[in-house]
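Commentary on secondary and tertiary structure
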Amino acid sequence: MTIAVCPGSYDPVTAGHLDVIERSARIFTEVHVVVAVNAAKTPMFSEETRVDVIRRALVKDGCSNVKVASTDGLITDYCTKVGATVIVKGLRQNGDYEAELGMALVNRRLSGVETLFLPADPVLEHVSSTVVKDVARHGGDVTGMVPDCVVSMLDEALKKEKSHHD
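Now for a quick tour of the structure. (Residues numbered from 1 in each chain as written. Predicted model: local features only at pLDDT ≥ 70, side-chain atom pairs only at ≥ 80, totals over all residues. Heavy atoms only, no water.)

**Considering a nonpolar patch on the surface**
Selection rule: In this analysis, a patch consists of residues with relative accessible area above 30% that form no salt bridge, clustered at 9 Å for like charges and at 5 Å for the nonpolar side chains Val, Leu, Ile, Met, Phe, Trp and Tyr. Using a 1.4 Å probe, the Shrake-Rupley method yields the accessible areas, and only the shown protein chains count as cover for residues. Counted as salt bridges are all cases of a side-chain nitrogen of Lys or Arg within 4 Å of a carboxyl oxygen of Asp or Glu. In DSSP terms, a helix is any run of H or I states spanning at least four residues, a strand is any run of E spanning at least two, and both are numbered starting from the N terminus.
Taken together, the side chains of Leu74, Val106 and Leu110 present a nonpolar region at the surface, about 270 Å² in accessible area. Topologically, Leu74 is positioned in the loop between strand 3 (66-71) and helix 3 (75-82).

Pasting the structure below:
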């Protein structure tokens with residue numbers, strides 16, 4: 001049995017994230033999607049909301065071997081706790097490799113866990129959480145870039161954000 005971990009901030013989860021998670025679920029016995037909480041960042045959505053949205057999106061997609069959790073600790077500690085031997089990261093052609101390679105080497109040194117890089121689906125590789133938030137902030141349509149439920153959640157979050165600035 002091989003357990004994999006797909007860590008990320010998922011703020012919000014995108015169609016690209018879901019593609020990597022679903023592909024991982026076909027390869028590994030069990031996949032843990034882990035919302036990594038970074039105290040240095042201020043996310044648009046709460047930890048609980050991000051976990052809930054991913055769960056809902058994956059139920060819709062029928063991924064029964066995927067668990068969703070969160071951690072504010074090291075991903076390697078989470079891997080050790082659940083017996084995961086691999087971390088899966090999606091890579092786009094935008095410089096992800098350089099940033100992710102350093103992290104992969106640190107993670108292997110800390111716990112022996114290997115990192116597997118999955119190339120992004122070319123149709124989705126332009127999609128990132130940052131791009132989604134920027135497009136939505138400027139009134140653009142993010143349908144298809146995120147699960148349907150996220151479109152309305154983004155609208156609500158941006159209305160709150162705007163009312164705090166007015």
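**Some points on the pattern of salt bridges**
Pairing between side chains of opposite charge can happen when the charged atoms of each approach one another. Using the following cut-off: Residue exposure (1.4 Å probe, protein chains only): buried if accessible area is under 20% of the type maximum, exposed if over 50%, otherwise partly exposed.
Considering all chains together, one arrives at nine salt bridges under this definition. For Arg56, the salt bridge goes to Asp52, with nearest N and O atoms at 3.2 Å. Taken together, the residues Arg56 and Asp52, both in helix 2 (residues 47-61) and four residues apart, mark about one turn of the helix. Residue classification places Arg56 among the partly exposed positions, given a relative accessible area of 41%. With a shortest N-O distance of 3.0 Å, Arg92 and Asp96 are connected by a salt bridge.

**A closer look at the sheet that holds strand 2 (residues 30-36)**
For clarity, the cut-off: For two strands to pair, DSSP has to find at least two bridges joining them. Axes, fitted as lines to C-alpha atoms, cover a helix only where it is in contact. Angles between the N-to-C directions of the axes lie from 0 to 180 degrees. Whether two residues are in contact is decided by their heavy atoms: any pair within 4.5 Å suffices.
Taken in spatial order, the five strands line up as 3-2-1-4-5 in an open sheet, and their pairing is parallel. The open sheet has two edge strands with one neighbour each: strand 3 and strand 5 (114-119). The average angle at which neighbouring strand axes cross in this sheet is 30°, direction not considered. Where strand 4 (residues 86-91) lies against strand 5, six bridges are found, and the strand directions are parallel. Looking across to strand 5, one finds that Ile87 is bridged to Thr115. The strands touched by helix 1 (residues 15-27) are strand 1 (3-8), strand 2, strand 3, strand 4 and strand 5; relative to strand 5, the strand with the most contacts, the crossing angle is about 120°.

**Let's talk about the nonpolar core**
Condition: Residues belong to a common nonpolar core when they are buried Ala, Val, Leu, Ile, Met, Phe, Trp, Tyr or Cys residues joined through side-chain atoms within 4.5 Å.
Core analysis: the biggest nonpolar cluster contains 37 residues, and Val33 and Leu58 have the highest contact counts within it. Sorting the residues of this core by element identifies strand 1, helix 1, strand 2, helix 2, strand 3, strand 4, helix 5 (129-137) and helix 6 (148-165) as the ones contributing at least two each. Residue contributions to this core peak at six residues, all from helix 6. The contacts of Leu58, once residues within four sequence positions are left out, are Leu18, Ile21, Val33, Cys63, Val66 and Val68. Among the nonpolar cores identified, the runner-up in size contains ten residues, and Val34, Ile75, Ala84 and Val113 belong to it.

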